[in-house]
Amino acid sequence: VPNPASIENALTSALRGLANKKSSVLGVLSGGTGLDITSKFTMLSAIFQKTAEVRLLQKNEAIPADVSVLFVFGAEGLDPIDLWNIDQFLMSGKGVLIGQDTATVDLASNWQVKPLQHAMINDLLESYGIKLESGWVLDDSCRKIPYNQQSGQVTIQRLLPYPAWVAVTGKGLN
């Protein structure tokens, strides 16, 4: 050891170097038009890129063997070839995360939830025992959002509960 006083710093730097190596490859497959994780989901992309090489995959192409985990979003735009590729990836023992809307919200009609139909992705998921339900996840202890109310010449801002903004607290986490 050249300098015993700096051994802790050298060891810490070496361990960080090992921990920060991007040994896994995250494949991202988007079925939607105009959906790109690097431009539409910048925060998510930044988080992924800290720990893995993020590779944007093309529709209708086989998933490369070096992809460690697959993230699929916008599945409504996927066709049977893409679903077959996802199925082959799953059967190889690797993991897939599917970000898929099951409903849309019509704000003009009092926040009415309207189910979306994605028969092809649903069929694939159901073959693995997964059934997507249409609806929302709501939280009684939710976050609050600002709401402006006009009263004559004065605008009053209130914080109202917003059940769709789930509040994850330390209570009950492990």
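Rules of the game
- Residues numbered from 1 in each chain as written.
- Predicted model: local features only at pLDDT ≥ 70, side-chain atom pairs only at ≥ 80, totals over all residues.
- Heavy atoms only, no water.
- pLDDT = per-residue confidence, 0-100.
- Helix = DSSP H or I, 4+ residues; strand = E, 2+ residues; numbered from the N terminus.
- Patch = residues over 30% accessible without salt bridge, like charges linked within 9 Å, V, L, I, M, F, W, Y side chains within 5 Å.
- Areas by Shrake-Rupley, 256 points an atom, 1.4 Å probe, with all protein chains shown as cover.
- Salt bridge = Lys/Arg side-chain N within 4 Å of Asp/Glu carboxyl O.
- Phe/Tyr/Trp six-rings, centres within 6.5 Å; stacked < 30°, edge-to-face > 60°.
- Buried < 20%, exposed > 50% of the residue type's maximum accessible area, 1.4 Å probe, protein only.
- Core = buried A, V, L, I, M, F, W, Y, C linked by side-chain atoms within 4.5 Å.
- Contact = heavy atoms within 4.5 Å.

A. Layout of the confidence of the model for the chain. With 75% of its residues at a pLDDT of at least 70, the chain reaches an overall mean of 78. Per-element averaging of pLDDT across the chain places helix α1 (residues 7-19) at the bottom with 61 and helix α4 (residues 80-91) at the top with 94.

B. Main features of a nonpolar patch on the surface. There is a patch of nonpolar side chains on the surface, built from M91, Y128, I130 and L132 and spanning about 360 Å² of accessible area. Structurally, Y128 is set in the loop between α5 (119-127) and β7 (144-151).

C. Summary view of the packing of aromatic side chains. Following the criterion strictly, the structure yields one aromatic pair and no others. Between the aromatic rings of F71 and F73, the centroid separation amounts to 5.5 Å while the plane-to-plane angle is 35°, which identifies the pairing as tilted. A relative accessible area of 10% means that F71 is categorised as buried. For F73, a relative accessible area of 6% puts it in the buried group.

D. How the structure looks around the pattern of salt bridges. Scanning the model with the defined rule gives two salt bridges in all. A salt bridge links E53 to R55; its shortest N-O distance comes to 3.1 Å. Three or more residues joined by partner-sharing salt bridges are found here, namely E53, R55 and D66.

E. Representation of the nonpolar core within the structure. In this structure, L29, L70, V72, L78 and I86 are the most contacted members of the largest nonpolar core, which totals 15 residues. Residue assignment for this core shows that the elements contributing at least two residues are β1 (24-30), β3 (69-73), α4 and α5. Apart from residues lying up to four places away in sequence, L78 is in contact with L29, S30, G31, K59, V72, L83, I86 and M120. Among the nonpolar cores identified, the runner-up in size contains seven residues, and F48, A52, V54 and F71 belong to it.

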